[in-house]
Structure formats: structure tokens, C-alpha cells
Amino acid sequence: MWWYVVKRLLQTIPVFLGATLIIFLLLKLRPGDPVLNLAGNKPVSPEVRDALAAQYHLDDPWYVQWPLFVKNAITLNFGDTFAGQPVIELIRETFPVTVVLAVMALAIDALLGIGLGTIAGLRRNGWFDSSMLVLSLALLSIPIFVVGFVMQLIFGVKLGWTTPTVGGDWNVGKLILPAVVLAIANFAYTLRLCRTSVAENLSADHVRTARAKGLSEPQVVVKHVLRNSLIPVITYIGINLGSLMAGAIITETIFNIPGIGNAAYQAIIRGETSTVVAFVTFMVMVYVLMSLLVDLLYAVLDPRIRYA
Amino acid sequence: MSSQPLLQIEDLSVSFRAGKEFLTAVDGANLTIYPGQTIAIVGESGSGKSTMAHAVIDLLPGNGQITGGHILFEGADIATAGRDKIMALRGSSIGLVPQDPMSNLNPLWKVGRQIKEALVANDVAHGAEADRRVVELLEEAGLPDAERRARQFPHEFSGGMRQRALIAMGLAARPKLLIADEPTSALDVTVQKQILDHLDQLTDNLGVAVMLITHDLGLAAERADHLVVMYRGRVVESGPALEILQDPQHPYTQRLVSKAPSIASQRLSSVSARAEIREQAMEQAAEVAAEVAESSEEFGSGSDDVLVVENLTKVFQLRGAKPWEKVDFTAVDDVSFRLRRGTTTAIVGESGSGKSTVARMVLDLLPVTSGRVLFDGVDIRQLSGKAQRLRFRRQMQPVFQNPYASLDPLYSIYQSIEEPLRTHDVGTKKQRETKVRDLLDKVSLPTTVMSRYPGELSGGQRQRVAIARALALDPEVVICDEAVSALDVLVQAQILELLNDLQAELGLSYLFITHDLAVVRQIADNVLVMQDGKVVEQASVTEVFDNPREAYTRKLLDAIPGGSIPLANA
Amino acid sequence: MPETRPGQERFVAPVDETPLRAIDAVDVDAVPENQWKEAWKRLRTSPLFWLATLILLVIAVMIFFPTLFTSADPTKGSLDNSFAPATDGHPFGFTRQGYDLWARTVYGARASVAVGVLTAIMTAVLGMITGAIAGYYGGIVDTLISRVSDIFFSIPLLLACIVVISVINNTWPDRGFWGSVLVVVIALALFAWPQITRQMRGAVLEVKNLEFVDAATAIGATKMQNLRRHIVPNALAPVIVASTISLGVFIVAESSLSFLGLGLPQNVVSWGNDLADAQNQVSSGQNLSVMYLPAIALGMTVLGFILLGEAVREALDPKARKK
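On a predicted model such as this, the values are computed, not experimentally measured, just so you know. Numbers given to residues run from 1 along each chain, matching the order in which its sequence is written. As they are written, the chains are lettered A onward and the ligands numbered 1 onward, keeping that order. It should be noted that, the model being predicted, local features are given only for residues of pLDDT at least 70 and side-chain atom pairs only at 80 or more, the latter also being counted only at that level, while totals for whole chains, interfaces and linings use all residues.

A.B. asks: Explain the overall build of chain C residue by residue, including any values.
C.D. replies: Check the secondary structure of chain C and you find 10 helices and 1 strand. Listing the helices and strands of chain C from first to last along the sequence gives β-α-α-α-α-α-α-α-α-α-α. Within these notes, the globule rule equals 2.2 Å times the number of residues to the 0.38 power, and the radius of gyration is based on C-alpha atoms. The globule rule puts the C-alpha radius of gyration for 323 residues at 20 Å, and the 28 Å found for chain C is more than 25% above it. Put simply, chain C has 323 residues, and 51% of those count as buried. Comment: elements are numbered from the N terminus, with helices defined as DSSP H or I runs of at least four residues and strands as E runs of at least two. Exposure in this text rests on C-beta crowding, where 20 or more other C-beta atoms within 10 Å of a residue's own make it buried, 12 or fewer make it exposed, and counts in between make it partly exposed. The C-beta atoms are placed from the backbone.

As C-alpha cells, this is what we get:
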């Protein structure tokens, strides 16, 4: 197992460095006045200009600037927004609600995907399987913001089951609808993966041996099929986090959730590129960390790696 | 001894649904087993033997069903019994030891827990008592250090250990009948003998009847008193084992008895047949050598020893327990031998002996750590330039083990055989086509096969194509790396015959890698016995079989299943 | 000789009932088939395939012959016609800016599908080359390519595009139609290629250990020749499936970018832009057809590609192939 852990850790570092390098280069490779670029081509006061120049070390060569960028990122020093608020503070305000939203969406994705996927896998090629396939693919085909709008319209406005927008005072109840929207965009993949995994395991040799021992069919399915099928699904769900974060931007905008995605969007409209980059860097860091954790979880779950 | 049969299969038929059609896998089979008795069902793949065994406890795959007949277990017909009844029987009355030890254990569960499951499901023991029982069962099955092993996972066991665990699992609830489906086919021959001996002892002590499924006639006759021979879903012959072996009546059984290597190798007739082949081959090879010696274009000098291997060694660097550690693994250790023109040298060893690694180094598919390989006097590592390399390649060609992977599935048979000709720019398109036809003829395949694809051919047919491809460039040496190991017994015999005929006709020299010592007598003149990378014994075939010097060689010979059965015309 | 018990007497089946076949004979009558032909047969009988083909055919006609569907000009409109109801030749009425809704929907196919197709091609080419090299040559090259692809993979697609495009917006504000399409395509392709690389690399790793590759080496083929003749053709299947499905994903991604104001510029007729425009209608709950129509058109197109990819995946599934 140590091999696996060390290898994984060693992989994370260049990945993180590389990602920051790319984001950093994107900033640097544009022609024109860097300060104006950072400020979205709007005129800035000399104070802001000086602050930006200092923050981004615009007067230093790039190979000095990039490590500083990385250092800033790790120490969560993202500078200030145009409004003068430290970005890290803004993140601290908005991150919790996004986390709750993402976790809820992940849970719904997992429940729906695994639940329906297992049934579809157990009855492969049956009508349930085919209809689930078409349904999940159809949901995949619609852009998430359309799904968001439609759900908002039906459940929020027309049926009134929940508030159409969330707003500043949020609670878990109000986040259910946006979480469902977020989950819908993704659960098709989870479902398919689970279905294939279950169907494969059903006809596996060790399952036949389990039956030969005298176990009842439900026992066989739960103890031998499901546990084996879940490992690839769990790792996949971890990877899903990435697209969840991207989806969060759109969902939070539609439902007016004061999360990190919404803040990023506001920054985009205002052309505050530096803030946008700060948000994206933060989200990438979270994603890299999450995927590392999921991979380590995988090592724990699969004894072939744990006791290699 | 009880006089009521334990299991009676009467006129059983089993079919599989494929789309809209029904394929009959078992057709009107009859079988009787008495308590405490061991019987063996023998057949090739497709004979229906495994299907019949699985049908007994209703373990057919989803599209299979029993379409007729009765299965009477202790007098009651279980072919039509409900799910619950069968479940009650499974494990407690009828146990199963399945074939492939790796895929039949759940990789995510500890071995002990999987055996405990058998105890709990059949209400034999629960909780701590069951845990104790598990350790006892593992010890009974011959697993050393059972208590520690029970807490380990399947991937930490070797193949033989896993099979013992499966035996423990099958016998856990003390069934009256144990179905052993090719329980040792995936194992080395010496391990196989150990495990089967142990199983025999165990089942004798416990009074368990055994239905042994196998493709090896020798093994069946050795382990069982009563034999059932199946062919294409039907029982073609059955009766006392020794009788059947000494006096087979049905043409199919006669075929099996005459061709099965473990039994055929006992016959003097196969030895004399081989001597004839060798004579012809060496004559032909001498002519080829003379040509090579004269010509300046041909690779090599036409010497007697077409292949000389000196002190060949291969060391692999593996990862150690900690990430920064490296462990040296010596796969091949100082191997030397000579291959005379027109003869066959066999390299025999169990898994991990290094025999395949030697073959790959000789073929220059794997770099050598130290030592030399001389082809007809030329050191293959000293070849200069692309032209010389290509000329070397023409002289030595491989035939590999896995017929399902040795041909590119996207190439037609014609393209596969033509490829070497194209790579070496031989002849015009028309000439190449003629050559391909000629080659197909040599390997006894109809030329209509040219437009087919590998997916449509059987394993034996694909091996023939692989042989045809190997012969396309008129090589002097053919390296057969377990070339017949993946084939059914009769098909194997056919391919061996083909190889022998080709050798006599073309003066080929073979390096024949195999784990099956029994096959060696029919095809080889000299033998190298390898163990753990080293050569243990090296001599002519007759010497090794009649007068083995080393203990390991004797062990290998002993382990040949059916080797000790007296034959009528030995 | 021990006595035989009842049921275990010597038995020999009558030979005429159990005739012997020649050992391992070739069936001379069967029709030759290779993998691709077999896959095509399976595809032909798959309802998923025909459904997908139907949808994509309709969309294709819409793209190349839009005048078959509408005679109106999607770029001409006036605010006087804002949300005007349906009339002759304008079956679905008008958008907020007074464009013919149906014409917008029909012509919108071009930009969206163009983005999808171009991105899919670019990622397929990039991914196949890097994946094949990484998988076949292994060692340092593999480590390098894998790490680089990990890096790009770790930045979620949409986020990365947001950064790239918002940065480019500052430097190249007036791009024109093809310029905008190019920017979106490159932004997407830049971060989506690792997916294809992984598929290709995995397939190559599987194939390169098969014995027919060794046989080709023993004949004298070089590594490059092996790659070209044997490895790549056998590794194509998963890449084809992944590319087809990702085509749909890219079309959706473009619309999401447009929603955020970062996709194609406002003056381009695209579904994404129309949907972004239609946001305002949702809260009022009126004139929802301006959202439904482009949404359905987009959804159907994407569904078509995704279904096609699924149908192809099932047709090429090695487990369904007979041995």
C-alpha cells in the first residue's frame, strides 16, 4: 500500500504545480498593459494600480512571479477584490454554502445513481434498464441551466413547493431543489457505471461459487455483488466533484445562492479577471485535494492495494 | 457399502438459449454415483461435462435450462425441485469445488470469512465456533499456518493455496457429494498431484462421493474407479476405468486413448515414430545447411548446431516493499544448451521456471542481462545494421501459446500469413498469393480460409495459421512457446503430428517450450528441465524418461497423471 | 475385475447415434466476417442506433438546407415585433428582440454543431496521438504525458474555459464568427483532450501485450510499424465511442458558456445565445417558448450524438463478440 500512497502523493504535487502554472501563464501571456488586463480594461486609480502591481509582482520576471503565485495560492493569499475586500474573506463567506450544496448533490447523485443503477444491472436488458438508460441520457443532453430553469419554474413558481431563489439566509431545505438540479446533470454517468459494474459482477465466477455454498439469492447479491461493484463507482463519484464545482457556478446563479460559484460569476460579469483567477485556483486546489482523498479511500477499500 | 445410488442422472438434457435458437449442450446423459465413490467424467471442451455438473445443483447461467430427464439425489428428483429445495441441498448435501482458483474467490473478502460463510449459511456453526472450525477445515485441506492464512486475502495466496481453500469451502458443511470441476487444471503438475492426493485421502476419510470433471483421461483413470466419457453432449462410453483404458470400444474413446499424451507417452510406438521423424528431418536439414554454407547471402555458416546458447542470464529489477527499494529477481540463471539442426530440444518447467523468458531472449524479444545467443555461429547481439537484422529474423520464427491473441483480429487470414512476406518485400503480389496457398496446404487448411478472420476459427485452426505464418519466410528454426498448451487433447495431438510432419519435410529445428513433460516424448529429442531459472537436468529424452538423475525430474515424471496405469499394449 | 454395480455397467453408445466428427474441421460454408462487419451488423439491429441516426439526419438537413424549414431570416428583426405571436410563415412567433423564433432555432444549429464537431475532432486527434505514444513507448515518455494530461484533467472543463475565455475577452474583444468559434473550440479542446488520451492509452496498453504484436516484431517490424499496422487499429474502438459522446457534451458546454456570457458573441445565431437571452423570461413565466424551442432543439441534437455513441459502444463491446 505504501507504494500506492507515495505514488499518489508524488503525483499530486506536479499536478497542482502544473495547474497553477497554466493559470498563471494564461494571465501572463496576454499582450497589453497587465494592470489594465487585470482590471478588465477599465481605468484604475493610481492606488489600485500600485496595489495590483505589488500584489502580482508585475515588475518582477516571470520565474519569480510564478513561485510567488504558487506560494500565495497555498497560503490562501489571493489579494483583494476591486471593492477592496480580501478575496480569502470572500471565499470564507461563500464557501460553506457551496460545500453543503455540493455534498447534498453528491448524496443525491450517489443515491439515485447507485440505487437505480443496481436495479438496472440486476435486470440487465430489461425494460427498466432500457428506460433508465434513455432517461439518464436525455437528462444529460439538456444543459444544466435549462434544467435549472425548468425545475425552478415548476417546483418554485408554479407548484410553490419551495422558494424559487435561495438568497442570503439559506438553509438545507431551500437547497434541496438546486442540489437535485446539480445531481441530475451527473447521475447518468454514475448510473451507467454502476449498472455495468453490477451486471459484470453478477456473472462473475465467485458469485457462482457463493451460490454453490448455499447462500440465498438476496444474500449473494448484497454480500458479493454489491460490495464488489461499488468500488469503481465510489472512485468515480469522487471525480465527479470536479464537474459539480463547475455546475455549481451555474446553479448558484440561477437560484441566487450566495456561494463561491455565484461570487465567481459576479466577478466574471464585472470583468475582475484577477478575482476570477483566484476563485478558480481555489477550486482547483480543493478538487486536487478531494481526488487525492478519494484515491486514498480506494486504497483502503480494495484489499488488493492495501495488502499488496 | 450402501447399495442405493447417491446420485442418478437419467436421460438428462440441457440446452442454452442463444437469441431465438436453442443449443443442446447435454443430450440424454446417464450417470450413477454411489455413496463414498469417486467417479470421473472425461471430455474435451464442448462435451457438456461441466454443464451437466452445474445442472445438478442448478447453477446454469441465465440462458441455460434443463429440458428433459431426471436428477435423482437420494431418490428424490431435484431437476424439477423448487429454488428453496436446491438451496437447501447446496453446500450441505452437494458441494462444489470450482475450476479457476483466482476468479472463484471474492477478492475483497478474507479467505477465512468466505469459508465461514459456508458454515453459517448451512447452519453448521456460528460465531466464534465457526471461526475455529474454519481454521480446522483449512488445516484439513492441507494449508500450512492455517490460522494466519485465514485472516489473509486471496491475492496473498498462491494458486495451490487458493485451490486448497476452495476445497475446504466445498467440504465445509460435510456434503455427501462433492462436485470437483477441473479442480487442478490451472495448477502446476507437481502441485496438482499433491492436491489431488490430499483430496483423495480426505474424501475417503469422510466418506464423501466425488464427481471429478476433467479433460485428462490419464488423471481420470488414476483417481476414479468408474469413468464416464462424454462427446458433444452425449455419454459415449462408461464403465470401470481400467477396462475402458485397456479396451476402449467406442471410436471416440479409442481416439482419446491413443492420443492422450500422458498415456501415449508410455507407449513405445510414439518413441519409434519420433525416431523416424528425426532421421528424415536431420537428412533434410543437412541439405539446407549445405546450401547455406555455400551461399554468401544466407545468414550464418551452415553449421551443425543451428542454435547455441551460452550462459544466458536474465535479471529483472522489481519493486521492494518500500518505494525506494529495488529487488533483483533472477528469472534465468546461467542456461546453456545446443540445438542440433533437424532436431527438437524441449525446455520443460513449471510456472516461474524461466522457460518462456529463455525463449523470448532467444527470439531477441527481450534484452539479455548476460550470456550469448549464437544463431548458426553469429552472435545475435552483434548484428550490424537493419539488413542483417532482417536476415536474422527470417531464420527464426515463433509460434506462441494463446491462439486467441496470436493473430491480429482485424487482419484476414491471408493478410496475417502474407505479412512477413510483405515486410521483407518478397515477390510480387501474385507470387505471394501462391505462397500463402502453398502454406495453407502444408498446414492442412482449406484455401477458402484465406478470406476469413481469426474470430471465426477455432483455437487449433488459429494455431495452424500461426504455424503457416511462421513458415512463410522459410526459417530454419521455429520456437514453439507452449504452442499446444491451450488446446484440447485431440487437437493438440493433431498439431503435434503436423509439427512432426513439417519437421521431416522441411528439415526444421524446433525449440519446444512446454510445462507438460508427457508431450515431450512425442515431439522432442533432447530435454532441458528447468526450475527457478536454473537447468536441473539436461539429456536426451529417452535418458530422462527411463533414467532420470535428479530428484526434481523424478518428481515431475511421477506427477504425470495416469503415468502409473498399466496399459494393455505397453 | 471388481463387480460393477447397477447403473455402472459397461456402456457403449451406438456409433450411429454418436458419430465422430473430423477433429477441428473448418466450416467451409460460413460467410467470412471481421470485427467491423460484425459490429455493423449489431449496429444495424439496434433501435438506439436508428433513433440516433434519425435525429442527426434531421439536424444535418437543418444545417445544410435551412431554407427547407423556414424562409425567414434569423438576423433580421425589429423591436416592434418583440414577442409578437405566431403568424403566417412565422410558426412560433418572435423573440424578445423581434427575431423569428423558428428561424433562430433552425439556423442556430450551425454554430452549436460546428463547435461540437470541431472540438471533437481536435480532441480526438490530440488524444489519439498522445495516448498511443504514451501507451506504446512507456517509460519516461508515458510518465511525462500522463502527468501533463493529469494536470489538464484536474482543472474542471467549464472552470478552465471560463478563465481562458474571460482572459481572451480582454485582449481580443472583436472576434467575428469564426474567431469566436475558434476561441471556444480551442478553449474546450485544451482541457478536454486528456479524456481521450486516457482511453487511447488504456486500449494501447491492453493491445501491446497481445502476442500478435510480438509475432510482428519477430518478423522484423519496427516499433513504429507495429504501432501503425497493429496497435492503433485495434485500439480505436473506445476512442470512437468516447469521441462521439463527447461531441454531445461539447455542444452542451458551449451553451453553458454562452449562458455565462463567455461563449459565442451576441451577434452569432446560436442556441446558447438564445437560451441565455431567454433567462429573463423564466421569472415572469411568460413567453416561455423562447426558451423551450432552442432547449428542445439542443437537447435533441445532443441526445442524438450521445445515443449514437452508446449504440456504437454496445456494437463494439468485446464481451458481446463471440470467441
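Back to the write-up after that little detour.
A.B. asks: Tell me about the overall build of chain B, residues and numbers included.
C.D. replies: Helix and strand counts for chain B stand at 21 helices and 20 strands. The C-alpha radius of gyration of chain B comes to 26 Å, within 12% of the 25 Å expected for a compact globule of 570 residues. The principal-axis extent of the C-alpha atoms belonging to chain B is close to 80 × 55 × 45 Å. Here chain B holds 570 residues, and 54% of them are scored as buried. Any residue pair is listed as a contact if its two C-beta atoms, each placed from the backbone, are within 7 Å. Taking as baseline every contact in chain B between residues at least 6 positions apart, the subset at least 24 positions apart corresponds to 71%.

A.B. asks: Tell me about the interface of chain B and chain C, and please be specific about residues and values.
C.D. replies: Counting from both sides, the interface comprises 55 residues of chain B and, opposite them, 39 residues of chain C. Secondary structure elements with two or more residues in the side of chain B that touches chain C: strand E9 (226–231), strand E10 (234–240), helix H10 (251–259), helix H14 (385–395), strand E16 (396–399), helix H15 (413–423), helix H17 (459–471) and helix H18 (489–506) of chain B. If one sorts the elements of the side of chain B that touches chain C by residue count, E10 of chain B sits on top with 7 residues. When residues are grouped by polarity, Ala, Val, Leu, Ile, Met, Phe, Trp, Tyr, Cys and Pro land in nonpolar, Asp, Glu, Lys and Arg in charged, and all others, Gly among them, in polar. In terms of residue class, the side of chain B that touches chain C is made up of 25 nonpolar, 20 polar and 10 charged.

A.B. asks: A description of the interface of chain A and chain B should follow, citing residues and the corresponding values.
C.D. replies: At the junction of the two partners, chain A supplies 22 residues and chain B supplies 27 residues. Considering every element that reaches the side of chain A that touches chain B, the biggest residue donor is helix H9 (residues 205–212) of chain A, with 6 residues. For the side of chain A that touches chain B, the residue count by class is 8 nonpolar, 7 polar and 7 charged.

A.B. asks: Help me get a handle on unusual backbone geometry, residues and values and all.
C.D. replies: Residue and element names in this part refer to chain B. One non-glycine residue, aspartate 145, lies in positive phi territory at about 60°. Along the polypeptide, aspartate 145 turns up in the loop between helix H4 (127–140) and helix H5 (146–150). In this model, aspartate 364 sits at a positive phi of 60°, which is unusual for a non-glycine residue. With respect to the secondary-structure elements, aspartate 364 resides in the loop between helix H13 (355–362) and strand E14 (370–375).

A.B. asks: Let's hear about the sheet that holds strand E6 (residues 94–97) of chain B: which residues, and what values?
C.D. replies: Taken in spatial order, the 7 strands make up an open sheet running E6(B)-E7(B)-E8(B)-E3(B)-E9(B)-E10(B)-E1(C), and their pairing is mixed. What marks the edges here is a single partner per strand, and that holds for E6 of chain B together with strand E1 (11–12) of chain C. One ladder, built from 6 bridges, connects E9 of chain B with E10 of chain B; its direction is antiparallel. Bridged to methionine 230 of chain B within E10 of chain B is valine 235 of chain B. Strand pairing requires that DSSP identify at least two bridges connecting the strands.

A.B. asks: Outline the nonpolar core, listing residues and values.
C.D. replies: Each nonpolar core comprises buried Ala, Val, Leu, Ile, Met, Phe, Trp, Tyr and Cys residues, the members being joined through C-beta atoms within 7 Å. If you look at the biggest cluster of nonpolar residues, it comprises 358 residues, and the most contacted ones within it are Met211 of chain B together with Cys161 and Ile162 of chain C. In contact with methionine 211 of chain B, other than residues within four places in its own chain, are Ile33, Ile39, Ile41, Ala53, Leu177, Ile179 and Ala180 of chain B.

A.B. asks: Report on the sheet that holds strand E1 (residues 7–18) of chain B, specifying residues and quantitative values.
C.D. replies: Residue and element names in this part refer to chain B. The 4 strands are arranged E2-E1-E4-E5 in an open sheet whose pairing can be described as antiparallel. Each of the sheet's edge strands pairs with one partner strand only, and the pair in question is strand E2 (21–33) and strand E5 (76–77). As paired strands, strand E4 (residues 64–73) and E5 are joined by 2 bridges and run antiparallel to one another. Within E5, the position partnered with leucine 72 by the bridge is aspartate 77. In this fold helix H1 (residues 49–56) packs onto E1, E2 and E4, with an angle of close to 110° to the strand it touches most, E1. Each axis is a line fitted through C-alpha atoms, taken for helices only over the stretch in contact, and angles between the N-to-C directions span 0 to 180 degrees.

A.B. asks: Provide a residue-level description of the pairing of strand E13 (residues 344–349) of chain B, including the pertinent values.
C.D. replies: Within a regular beta strand, the side chains point alternately toward one face of the sheet and then the other, so they alternate between its two faces. Residues and elements named next belong to chain B. With 6 of 6 residues buried, E13 is to be regarded as a mostly interior element. Taking every second residue as pointing to the same face, both faces of E13 are buried, with Thr344, Ala346 and Val348 on one and Thr345, Ile347 and Gly349 on the other. As defined by bridge partners, E13 adjoins strand E19 (residues 526–531) across 5 bridges and the pair is classed as parallel. The partner of threonine 345 across the bridge, within E19, is asparagine 526.

A.B. asks: With reference to specific residues and values, describe the packing of helix H3 (residues 111–121) of chain B against H4 of chain B.
C.D. replies: Residue and element names in this part refer to chain B. Packing of H3 against H4 leaves a shortest axis separation of 9 Å and a crossing angle of 115°. With respect to H4, the axis of H3 lies roughly perpendicular. With respect to the hand of their crossing, H3 and H4 are arranged in right-handed fashion. Of the residues in H4, those touching H3 at Gly112, Ile115, Lys116, Leu119 and Val120 are Ala130, Asp131, Arg133, Val134 and Leu137. Class assignment of the residues belonging to the contact of H3 with H4 gives a composition of 6 nonpolar, 1 polar and 3 charged. Each angle receives one of four descriptions, namely roughly parallel if under 35 degrees, roughly antiparallel if over 145, roughly perpendicular if within 65 to 115, and oblique otherwise. Throughout, a crossing is termed right-handed when the near helix is turned clockwise from the far one, and left-handed when it is turned anticlockwise from it by less than a right angle.

A.B. asks: Tell me about the pairing of E1 of chain B, and please be specific about residues and values.
C.D. replies: Residues and elements named next belong to chain B. Where E1 lies against E2, 9 bridges are found, and the strand directions are antiparallel. What sits directly across from phenylalanine 16, in E2, is leucine 23. Linking E1 back to E2 in an antiparallel pair, the connection comprises 2 residues, with glycine 19 at a positive phi of about 70°.

A.B. asks: Run through the packing of helix H8 (residues 172–202) of chain A against helix H10 (residues 217–255) of chain A, naming residues and quoting values.
C.D. replies: All names here are of chain A. The N-to-C vectors of H8 and H10 enclose an angle of 165°; their axes lie 8 Å apart at closest approach. Relative to H10, H8 is oriented roughly antiparallel. Crossing of H8 against H10: the hand is right-handed.

A.B. asks: So, helix H6 (residues 159–171) of chain B: which residues are in play, and what are the values?
C.D. replies: All names here are of chain B. Given a helix with a known number of residues, its expected span is that number minus one, times 1.5 Å. For H6, which comprises 13 residues, the first-to-last C-alpha distance of 19 Å matches the rise-based estimate of 18 Å (1.5 Å per residue) to within 8%. Taking burial as the measure, the 13 residues of H6 include 12 buried ones, the bulk of the element. Burial in H6 covers these residues: Gly160, Met161, Arg162, Gln163, Arg164, Ala165, Leu166, Ile167, Ala168, Met169, Gly170 and Leu171. On its buried side, H6 packs onto E6, H3, H4, strand E7 (177–181) and helix H7 (189–206).

A.B. asks: Account for H13 of chain B, naming residues and giving values.
C.D. replies: Residue and element names in this part refer to chain B. Most of H13 is tucked away: 8 of the 8 residues are buried. Lys355, Ser356, Thr357, Val358, Ala359, Arg360, Met361 and Val362 are the residues of H13 that are buried. Aspartate 364, located one to two residues past H13, shows a positive phi value of around 60°.

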